[in-house]
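Understanding the architecture of this molecule
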Amino acid sequence: MKRNLNDLLYFVTVARESSFTRAAAKLGVTQPALSQAISALEERMQIRLLTRTTRSVSPTSAGERLLLAIGDRIDEIEAELDMLTELRDKPAGTVRITCGPDVLHTILLPKLAPLLREYPDINIEFDANHGFRDIVADRFDAGVRLGDTIDKDMIAIPIGPKLRMAAVASPDYFLRYPVPKTPYELTQQPCINQRLISSGGLYAWDFERDEGSFNVRVNGQLIFNTSSHVIDAALAGLGIAFLPEEEFGTLIEEGRLVRVLEPWCRPFPGYYLYYPSRKQQSPAFSLVVDALRL
């Protein structure tokens, strides 16, 4: 039989207050509505739970048994609901985000550091990896990816500027090899490949001009799955590297790496925070979103 939990709450309150009037005031309902609810509960259970007199209300033996069985449980439920309300009103709890190591270093930590100092009860767990995680199945609150790789059914907000790729090599490399004038010439020179963890394949270098976008599959002696090692190999003069320009930091400005094919490297959507729904966001998650938003 389907139970009405409100009726059980009403019964516990009346039994403890020994008065329909006081119980109705405490519950915020009218006395007739409260009396009707208790009568309906007794009718469904087919047993009298309260003895009513003109001066007082007291539980019957069956009512005493029911009060003993559910009274503490009702208190526990109300206490837990109060705690949940407090979490809603006070920013606290853990927010789980999956992202790449580079964006964690360049965008997420710098933007979230002031928030964490202001709200010491907010915790953030980062899952830093190069692969794509299913944020729903893996119970993440949000993920961070490049804007053009996010599923259409996700809510996505930009958290960083547009990006550009950069093809670079060391000055020593260009003492031994000619400077490529077009991306197609890359196939004739040693390049540093990067294996995609998400698919397992090698990254095809993307370029774009007025006539459209295209990609070039390069060759070389080295393959890495981390950008930091790609940069180290480029600095060692072992080939041409191709990464988002921000990952090279000041190496290009300092002349330690020489940039080529810049006209073919057009801006593309940068990093976005994405999550499945705007419903029932915790205060902590809402603050994280606001801190990261452009």
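Pairing analysis gives five bridges linking strand β9 (residues 205-209) to strand β10 (residues 212-216), with the strands arranged antiparallel. Bridged to Asp206 within β10 is Asn215. If you look at the hairpin formed by β9 and β10, you'll find two residues sitting between the two strands.

Attention shifts here to the packing of aromatic side chains. Centre distance and the angle of the planes are the two values used to describe a pair of aromatic rings. Scanning all chains against the criterion turns up eight aromatic pairs. When the centroid spacing of 4.9 Å and the interplanar angle of 15° are considered together, the rings of Trp205 and Phe242 count as stacked. A residue pair is termed long-range when its members are at least 10 positions apart, and Trp205 in strand β9 and Phe242 in strand β12 (residues 241-244) qualify at 37 residues. Each of the two residues, Trp205 as well as Phe242, counts as buried. Aromatic rings pair up to connect Tyr184, Tyr203, Trp205, Phe207, Phe214 and Phe242 into one cluster. Over the face of the ring belonging to Phe140 we find Arg96, whose NZ or CZ atom lies 4.2 Å from the ring centre. The lysine or arginine in question, Arg209, covers the ring of Trp264, its NZ or CZ lying 4.4 Å from the ring centre.

Strand order in this open sheet of three strands is β12-β7-β13, and the pairing throughout is antiparallel. Strands at the two margins of the open sheet, each flanked by one partner only, are β12 and β13 (258-260). On average, each strand axis in the sheet is inclined to that of its neighbour by 45°, with strand direction left out of account. With four bridges joining them, strand β7 (residues 165-169) and β12 adopt antiparallel strand pairing. Considered in β12, the bridge of Met165 is made with Pro244.

Summarising the sheet, strand β3 (residues 93-99) and strand β4 (residues 122-128) pair through seven bridges and their orientation is parallel. What sits directly across from Thr98, in β4, is Asp127. Regarding topology, helix α5 (residues 101-118) serves as the crossover connection from β3 to the parallel β4, and that connection is right-handed.

Looking now at the pattern of salt bridges. In this structure the tally under the stated criterion is 15 salt bridges. The partner of Glu245 in a salt bridge is Arg259, with the nearest N and O atoms 2.7 Å apart. Pair noted here: Glu245 is in the loop between β12 and β13 and Arg259 is in strand β13, with a separation of 14 residues, a long-range link. In this structure, the salt-bridge partner of Arg259 is Glu262, at a minimum N-O distance of 4.0 Å. Because the salt bridges share partners, they merge into one network encompassing Arg164, Glu245, Arg259 and Glu262.

Cut-offs used in this document
Residues numbered from 1 in each chain as written. Predicted model: local features only at pLDDT ≥ 70, side-chain atom pairs only at ≥ 80, totals over all residues. Heavy atoms only, no water. Pairing = 2+ DSSP bridges. Helix = DSSP H or I, 4+ residues; strand = E, 2+ residues; numbered from the N terminus. Phe/Tyr/Trp six-rings, centres within 6.5 Å; stacked < 30°, edge-to-face > 60°. Buried < 20%, exposed > 50% of the residue type's maximum accessible area, 1.4 Å probe, protein only. Lys NZ or Arg CZ within 6 Å of the ring centre and 35° of its normal. Axes fitted to C-alpha atoms, helices over the stretch in contact; angles between N-to-C directions. Right-handed = clockwise from strand over helix to strand, strands pointing away. Salt bridge = Lys/Arg side-chain N within 4 Å of Asp/Glu carboxyl O.

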